[in-house]
Amino acid sequence: MTDATDPYADVVPDTKDWTWAASEPCPDCGFVPADLDPLRVGDAVRATLPRWRAVLSRPDVRRRPAPSVWSPLEYGAHVRDVFGVFDQRLALMLAVDGAQFANWDQDDAALSGRYDRLDPDRVAVELVDEGLTVAGRFDTVKTTHLDRVGLRSNGSQFTVRSIGRYFVHDVVHHLHDVGA
C-alpha cells in the first residue's frame, strides 16, 4: 500500500552496481567510456549543462512518468548533488592517494532534500554552478594524477581516470532517463 504522504514510497532504490559503466559501454544510454579522454572530463560536464537547463525549464518538470520513476526535476536535483559529491571525491583523490569516500545514499538525499518540492529555476542555477565547479576541478587533473586511487565505502576501487568516466556516465545516463 502506498503512503500518500511519502512521494518516495513507490520509488524502488537503485541497488545496481554501476561500476562497470567506467569501463563498458552502456546499452541504455549509449555512453562509451573509452571515448572520453580522462583529461577532458570538465569539457564533457560543461557540454551537458545547457541540456540540463532545458530539462529543468520544461512545463512538465514535476511530472513523474510513473509513480516509481523520478520526475525531471528530481533527476536534476540528483545531478546537482552528484556534481557536489564527485567534486569532493576528486578533491580528496587529488590530495590523498588511496582516499576513502564516505557513503552517499542517493535515495535518502532525494527524500531528505525533498527533491519533488524544489523550485526548478533554483535547481537549474545550482546545477550549473555545481557543474562548473566540478568541471573546473577536473580541469586541474594532470596525466600524473590519472592512476591515483580512491575507495568507495563498499570497497569499489576507482582511479582518477575511471571515476571521471563513471561520473560522466551518470550525468549522461540521467539525461537519457529524462529524454534529453
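See the structure shown above.
Because the structure is predicted, anything quoted here is derived from the model rather than measured. (Residues numbered from 1 in each chain as written. Predicted model: local features only at pLDDT ≥ 70, side-chain atom pairs only at ≥ 80, totals over all residues. Heavy atoms only, no water.)

So, about the overall build of the protein chain. Along the backbone of the protein chain there are five helices and three strands. Element order for the protein chain, N to C, with α for helix and β for strand: α-α-β-α-α-β-β-α. In terms of C-alpha radius of gyration, the protein chain reaches 16 Å, essentially the compact-globule figure of 16 Å for 180 residues. Viewed in the frame of its principal axes, the protein chain has a C-alpha envelope of about 50 × 30 × 30 Å. Residues classed as buried in the protein chain amount to 44% of the 180 residues present. Long-range contacts, defined as pairs at least 24 residues apart, comprise 75% of the intrachain contacts of the protein chain with a sequence gap of at least 6. For the protein chain, the exposed area adds up to about 9,100 Å²; of that, 51% sits on carbon and sulfur atoms. Computed over 20 positive and 28 negative side-chain charges, the inter-centroid distance for the protein chain is 4 Å. (Helix = DSSP H or I, 4+ residues; strand = E, 2+ residues; numbered from the N terminus. Rg over C-alpha atoms; globule rule 2.2 N^0.38 Å. Buried < 20%, exposed > 50% of the residue type's maximum accessible area, 1.4 Å probe, protein only. Contact = heavy atoms within 4.5 Å. Areas by Shrake-Rupley, 256 points an atom, 1.4 Å probe, with all protein chains shown as cover. Lys, Arg positive; Asp, Glu negative; His and termini not counted. Charge placed at Lys NZ, Arg CZ, Asp CG, Glu CD.)

Another point: the sheet that holds strand β1 (residues 99-100). Pairing between the strands of a sheet is mediated by backbone hydrogen bonds and can be parallel or antiparallel. Taken together, three strands build an open sheet; the order of strands is β1-β2-β3 and the sheet is mixed. Only two strands of the sheet have a single neighbouring strand rather than two, namely β1 and β3 (157-159). Looking at chain direction, β1 and strand β2 (residues 149-151) are connected through two bridges and run parallel. Counterpart to Gln100 in the pairing with β2 is Leu151. (Pairing = 2+ DSSP bridges.)

Helix α5 (residues 160-177) packs onto helix α2 (residues 72-95) with a crossing angle of 175 degrees between their chain directions and a minimal axis gap of 11 Å. For the element pair α2 / α5, the angle class is roughly antiparallel. On α5, the residues that touch Tyr75, His78, Val79, Val82, Phe83, Phe86, Arg89, Leu90, Met93 and Leu94 of α2 are Val160, Ile163, Tyr166, Phe167, Asp170, Val171, His174 and Asp177. Looking at side-chain class alone, the contact of α2 with α5 contains 13 nonpolar, two polar and three charged residues. (Axes fitted to C-alpha atoms, helices over the stretch in contact; angles between N-to-C directions. Parallel < 35°, antiparallel > 145°, perpendicular 65-115°, else oblique. Nonpolar A, V, L, I, M, F, W, Y, C, P; charged D, E, K, R; others polar.)

Here the focus is the packing of aromatic side chains. Within the structure shown, the criterion is met by seven aromatic pairs. Taken together, a centroid distance of 6.1 Å and an interplanar angle of 75 degrees make the contact between Trp70 and Tyr115 edge-to-face. Of this pair, Trp70 sits in the loop between α1 (41-56) and α2 while Tyr115 sits in the loop between α3 (106-112) and α4 (120-139), and the two are 45 residues apart along the sequence. The pair formed by Trp70 and Tyr115 is uniform in burial state, with each residue classed as buried. (Phe/Tyr/Trp six-rings, centres within 6.5 Å; stacked < 30°, edge-to-face > 60°.)

The next point concerns the pattern of salt bridges. Scanning all chains against the criterion turns up eleven salt bridges. Between Arg80 and Asp81 there is a salt bridge, and its shortest N-O distance comes to 2.8 Å. Here Arg80 falls in the buried class, since its relative accessible area comes to 13%. Across the salt bridge formed by Asp147 and Arg161, the nearest N and O atoms sit 3.5 Å from each other. (Salt bridge = Lys/Arg side-chain N within 4 Å of Asp/Glu carboxyl O.)

So, about the environment of Val55. For Val55, the location among the structural elements is in helix α1. Between the C-alpha atoms of Val55 and Pro120, which are 65 residues apart in sequence, the distance is 9.4 Å. When neighbours within four sequence positions are excluded, Val55 is seen to be in contact with Val61, Pro72, Leu175, Val178 and Ala180.

Moving on to α5. An α-helical segment advances 3.6 residues per turn. Residues three or four places apart therefore align on the same side. Taking 1.5 Å per residue as the helical rise, α5 with its 18 residues ought to reach 26 Å, and the 26 Å between its terminal C-alpha atoms agrees with that figure. For α5, the buried fraction is high: 14 of the 18 residues fall into the buried class. Count one or two residues on from α5 and you reach Gly179, which has phi positive near 70 degrees. (Expected span 1.5 Å × (residues − 1).)

Turning next to unusual backbone geometry. One non-glycine residue, Arg114, lies in the positive phi region at around 45 degrees. As for its placement among the helices and strands, Arg114 is situated in the loop between α3 and α4.

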